Amino acid sequence: MFDYSTQQGLYSAAQTRALDRHAIEKGGIAGGILMARAAAAAWELLLQRWPEPRRIQVVCGTGNNGGDGYLLADIAHKRGFPVTVWQVGDAGRIAGDALRAREQALANGVVVAPFARDCLAAEGVLVDALLGTGLGGEVRPAQYEAIVAMNAAGLPLLALDIPSGLCADSGRVLGAAVKADATATFIVAKRGLYTGAGPACCGDIHLATIGVPRASLAANPAAVQRLDLYSLLAQWPARKPDAHKGDCGRVVVVGGDDGMGGAILLAAEAALRCGAGLVSAATRERHVSALLARCPEAMARGVRGGQDLAPMLAAVDAIALGPGLGQSSWSEQLFQAACDQAACDQAACEAQDKTLVVDADGLNLLAGGAGGVRFPRQDWVLTPHPGEAARLLGTDTAAIQADRFAAVQALQARYGGVVVLKGKGSLICDGRHLLLSDYGNPGMASGGMGDVLSGVIAALLAQGLAPLDAAALGVCLHGAAADSAAGAGQRGLLASDLLAPMRELLG
Ligand SMILES: NC(=O)C1=CN([C@@H]2O[C@H](COP(=O)(O)OP(=O)(O)OC[C@H]3O[C@@H](n4cnc5c(N)ncnc54)[C@H](O)[C@@H]3O)[C@@H](O)[C@H]2O)[C@@H](O)CC1
Ligand SMILES: Nc1ncnc2c1ncn2[C@@H]1O[C@H](COP(=O)(O)OP(=O)(O)O)[C@@H](O)[C@H]1O
Ligand SMILES: [K+]
């Protein structure tokens, strides 16, 4: 198993509060000092990003996020920039460090005025210090209006800690959220910044740790880890000099019903390009010659049903079940044969690390109860996109996207094994670990990307990686290859464009 403890921790709002408390109470750093450091870090980022702002407008709320904003305004004012603070909500409710920050800014001559409709001037840089990790529930009307106005202003926008209106825990928009160009997040990265609507709201994310003691971090370990491809690759030993193809694993990809022959080809080619020793494709007879013409390294076989498939599965390490599988009776037979094969010799399967990767119509068949396949089971990696996840949990896509962390955990609890919830900020869960990959880009919103991913994960399993490691490395590799292939343009990216960069990244 890879060691995930060195990956960057992602925190919930409650964990962040516990961390703050620890730093203040045990670390002896006053809350006001943390606030001043946060403001200074954000100011530095603002100047790096927009070196000559003609004006700075800071929209402040009544909590400590607003306090950060007041101190940033104070710094900007001292540096001679024209600054206005627009106060949203009743200033009489401001207390503690935030109140001291406001008083300091006022005493130093910062212009502070109540936020009003159309108050924002159309110049300079806007700073969002309205709501941070203290947001609870859907945003209330006054804050909603301020968020809409900030987004409509058409100005460069820097969010402090988290774009206002974004849920720090889930990455869901709570009614309305600021769409920032950059976000300066403080102390630790919040988990909602990296998945769901988070990435679209945050712009570039910059973490300022503001000197929180290591002991505070150690006392409050994160529950989610953000994956770094290169540190995972560094944990995967190189091939032995005398390796032969039998050492590198056997994969069978199963699918490609009528009209979907390309899906099975993509999965097979991806498995080969990610280092599987031998790859077979079990598909409709009519796809075999096209598959062989494009990819002669794959062993393509036409299968009429479950009885033809079973012998092909006997001596394999990983089965990718689902690319273009369809939902016909042929599909159901193959689905059942693959699930039975893995289940009937569970002991052998454990000994050989034989694992199923179930994707696409494999997941739809599973959701529909095809073949009476029992679960939970540990010998599979399920790779649903949000629509498939909704079918597997009997809910709708919006409910999945509203809390992707909860969804991936619910899927894993119900179905067992390792679950990958795809989409921006893909999540990987085995019941003990909760991992996030933020590689990938909207160019991947094109047919065949998922087929490639199932081939990648199957290849990594076949080469001996544990299911969690194969899923984690596979998802990162797939997304990073798409980032590399997209270059400056995302439209028109094809799933097959990922094959060459994946191979380069694997080294
Ligand atoms: N010592 C600390 O705790 C530090 C906190 N920092 C900042 O403080 C923030 C957290 O501060 P707080 O806990 O005071 O919370 P926030 O300032 O994020 O939010 C609380 C405020 O939002 C309002 N609010 C809550 N839910 C709302 C809703 N649904 N609609 C409209 N308004 C709503 C509350 O009435 C309150 O005024 C962090 O995000 C960070 O920016 C930083 O200064 C670093 C140090
Ligand atoms: N906007 C995006 N940002 C990052 N990754 C994305 C984005 N859109 C799609 N992806 C990734 O592309 C893949 C698409 O898989 P899937 O929806 O199953 O495609 P298909 O069924 O067409 O093969 C997933 O790995 C998903 O995480
Ligand atoms: K904010």
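Since we're looking at a predicted model, the values are computed, not measured.

K.L.:
I keep staring at the sheet that holds strand S16 (residues 380–382) and nothing clicks. Help me out?
P.N.:
Think of a sheet as strands paired side by side through backbone hydrogen bonds, with each pair either parallel or antiparallel. Within the open sheet, the twelve strands sit side by side as S8-S1-S10-S19-S18-S17-S16-S15-S14-S11-S12-S13. Their pairing is mixed. Edge strands, defined here as strands with exactly one partner in the open sheet, are strand S8 (189–190) and strand S13 (299–302). As paired strands, strand S17 (residues 418–421) and strand S18 (residues 426–429) are joined by three bridges and run antiparallel to one another. Note that in S18 the partner of Val420 across the bridge is Ile428.

K.L.:
Would you explain the nonpolar core in this entry?
P.N.:
A general trend in soluble globular proteins is that nonpolar side chains are found buried together. In this structure, Val59, Val251, Val253, Ala271 and Ala458 are the most contacted members of the largest nonpolar core, which totals 174 residues. In terms of residue count, helix H19 (residues 467–486) provides more of this core than any other element does, 13 residues in total. Here this core spans two domains, and each of domain 1 (9–222) and domain 2 (229–233 + 255–506) adds at least three residues to it. With near-sequence residues (within four places) excluded, Val59 lies in contact with Trp86, Val88, Phe115, Leu126, Val127, Asp128, Ala129, Leu130, Ala146 and Met150.

K.L.:
Help me understand the sheet that holds strand S2 (residues 56–60) in this model?
P.N.:
What the seven strands build is an open sheet, ordered S4-S3-S2-S5-S6-S7-S9; its pairing is parallel. Edge positions in the sheet fall to strand S4 (111–114) and strand S9 (204–208), since each has one partner strand and no second. For this sheet, the mean angle separating the axes of adjacent strands, direction not counted, is 20 degrees. Note: strand S5 (residues 125–129) against strand S6 (residues 157–160), three bridges, orientation parallel. Within S6, the residue paired with Leu126 across the bridge is Leu157. Strands in contact with helix H2 (residues 31–49) are S5, S6, strand S7 (182–186) and S9; relative to S7, the strand with the most contacts, it is inclined by about 160 degrees. Helix-sheet contacts for helix H3 (residues 64–78) involve S2, strand S3 (83–87), S5 and S6, and the interaxial angle to S2 is about 160 degrees.

K.L.:
Would you mind showing me how to read the UniProt feature "binding site: K(+)" (unreviewed entry) in the protein here?
P.N.:
In the numbering used here, UniProt assigns the feature "binding site: K(+)" (unreviewed entry) to Asn65, Asp128 and Ser164. Maximum C-alpha separation among the annotated residues is 9.5 Å over a sequence range of 100 residues, consistent with a single clustered spot. Here Asn65 is to be found in helix H3. A tally of 26 C-beta atoms within 10 Å means that Asn65 is categorised as buried. In this structure, Asn65 is in contact with Ala129, Leu130, Leu131, Gly132, Gly134, Leu160 and Asp161, ignoring residues within four places of it in sequence. Relative to the helices and strands, Asp128 resides in strand S5. In this structure Asp128 comes out as buried when scored by C-beta crowding, with 30 C-beta atoms within 10 Å.

K.L.:
Teacher, can you tell me more about the domain arrangement of the protein here?
P.N.:
Frequently, the measure chosen for interface size is the accessible area removed from exposure when the parts meet. Entries for the protein in the domain assignment read domain 1 (9–222) and domain 2 (229–233 + 255–506). Domain 1 and domain 2 are separated by 40 Å when their C-alpha centres are compared. At the junction of the two partners, domain 1 supplies ten residues and domain 2 supplies ten residues. By residue class, the composition of the side of domain 1 that touches domain 2 is three nonpolar, five polar and two charged.

K.L.:
Please clarify how the site of ligand 2 should be interpreted in this entry.
P.N.:
Looking at ligand 2, there are 19 residues lining it, with Lys422, Gly440, Met444, Met449 and Gly450 nearest. Secondary-structure elements contributing two or more residues to the shell around ligand 2 are helix H18 (449–462) and H19. Element by element, the count of residues in the shell around ligand 2 is highest for H18, at four residues.

K.L.:
I tried to follow the packing of helix H15 (residues 386–393) against helix H17 (residues 404–415) on my own but got confused; where do I start?
P.N.:
Two numbers describe a pair of packed helices, the interaxial angle and the distance between the axes. The contact between H15 and H17 brings their axes to 10 Å, and the two run at 50 degrees. As judged from the angle between their axes, H15 and H17 are oblique. For the pair H15 and H17, the sense of crossing is left-handed. Contacts between H15 and H17 pair Ala389, Leu392 and Leu393 from the former with Ala407, Ala410, Leu411 and Tyr415 from the latter. Along the lines of polarity and charge, the residues of the contact of H15 with H17 split into seven nonpolar, no polar and no charged.

K.L.:
Is there a simple way to think about the site of ligand 1 in this case?
P.N.:
Gly63, Asn64, Asn65, Gly132 and Gly134 are the nearest of the 27 residues found near ligand 1. Secondary structure elements with two or more residues in the shell around ligand 1: H2 and H3. A total of five residues in the shell around ligand 1 trace back to one element, the largest contributor, which is H3. Considered class by class, the residues forming the shell around ligand 1 number eight nonpolar, 14 polar and five charged.

K.L.:
Would you take a moment to explain the UniProt feature "domain: YjeF N-terminal" (unreviewed entry) in the protein for this structure?
P.N.:
Taking the numbering used here, the UniProt-annotated feature "domain: YjeF N-terminal" (unreviewed entry) corresponds to residues 16–218. Segment residues 16–218 splits into 38% helix and 17% strand. End C-alpha atoms: 13 Å apart.

K.L.:
Explain the pairing of S13 here, please?
P.N.:
Along any regular strand the residues' side chains alternate between the sheet's two faces. Of the pairings in the sheet, the one linking strand S12 (residues 278–283) to S13 comprises four bridges and is parallel in character. If you follow Thr283 over to S13, its bridge partner there is Gly302.

K.L.:
Please clarify how H18 should be interpreted in this entry.
P.N.:
Three or four residues apart is the spacing at which side chains of an α-helix point the same way, because the helix has 3.6 residues per turn. Between its terminal C-alpha atoms H18 stretches 20 Å, which fits the 20 Å expected from 14 residues at 1.5 Å a residue. Burial analysis of H18 places 14 of its 14 residues in the buried class, the great majority of the element. The first or second residue beyond H18 is Gly464, which carries a positive phi of 105 degrees.

K.L.:
What's the story with unusual backbone geometry in this structure? I'm lost.
P.N.:
Most peptide bonds take the trans form, and the phi angle of most residues other than glycine is negative. Cis geometry is found at the peptide bond from Phe375 to Pro376, where omega equals 5 degrees. Mapped onto the elements of the fold, Pro376 is located in the loop between helix H14 (360–367) and S16. Notably, Asp161 is not glycine yet its phi reads approximately 70 degrees, a positive angle. Counting through the fold element by element, Asp161 comes out in the loop between S6 and S7. Residue classification places Asp161 among the buried positions, given that 26 C-beta atoms sit within 10 Å.

Conventions we followed
Position numbers for residues count from 1 along each chain, tracking the sequence in the order it is written. Each chain is given a letter, starting from A, and each ligand a number, starting from 1, according to the order in which they appear as written. The predicted nature of this model means local features are confined to residues of pLDDT at least 70 and side-chain atom pairs, given and counted, to a pLDDT of 80 or more, with totals for whole chains, interfaces and linings taken over all residues. By definition, two strands form a pair when at least two bridges between them are found by DSSP. Numbering of helices and strands starts at the N terminus; helices are DSSP runs of H or I of at least 4 residues and strands are runs of E of at least 2. To form a nonpolar core, buried Ala, Val, Leu, Ile, Met, Phe, Trp, Tyr and Cys residues must be joined through C-beta atoms within 7 Å. Put plainly, a residue is buried at 20 or more neighbouring C-beta atoms within 10 Å of its own, exposed at 12 or fewer, and partly exposed in between, counting only other residues' C-beta atoms, which are placed from the backbone. What marks off one domain from the next here is an automatic or database domain assignment. Placing C-beta atoms from the backbone, we regard two residues as in contact once those atoms come within 7 Å. All axes are obtained by fitting lines to C-alpha atoms, using only the stretch in contact for helices, and the reported angles, taken between N-to-C directions, cover 0 to 180 degrees. UniProt positions are given in the numbering used here, feature names are shortened, and annotations may be inferred rather than shown by experiment. Residue type decides the class: Asp, Glu, Lys and Arg count as charged, Ala, Val, Leu, Ile, Met, Phe, Trp, Tyr, Cys and Pro as nonpolar, and the leftover types, Gly among them, as polar. Being near a molecule or strand means, for a residue, that its backbone-placed C-beta atom lies within 6 Å of it. We call two directions roughly parallel when the angle between them is under 35 degrees, roughly antiparallel when it is over 145, roughly perpendicular when it lies between 65 and 115, and oblique otherwise. The crossing is said to be left-handed when, going from far helix to near helix, the turn is anticlockwise and less than a right angle, and right-handed when the turn is clockwise. Given the number of residues in a helix, its expected span is that number minus one, multiplied by 1.5 Å.

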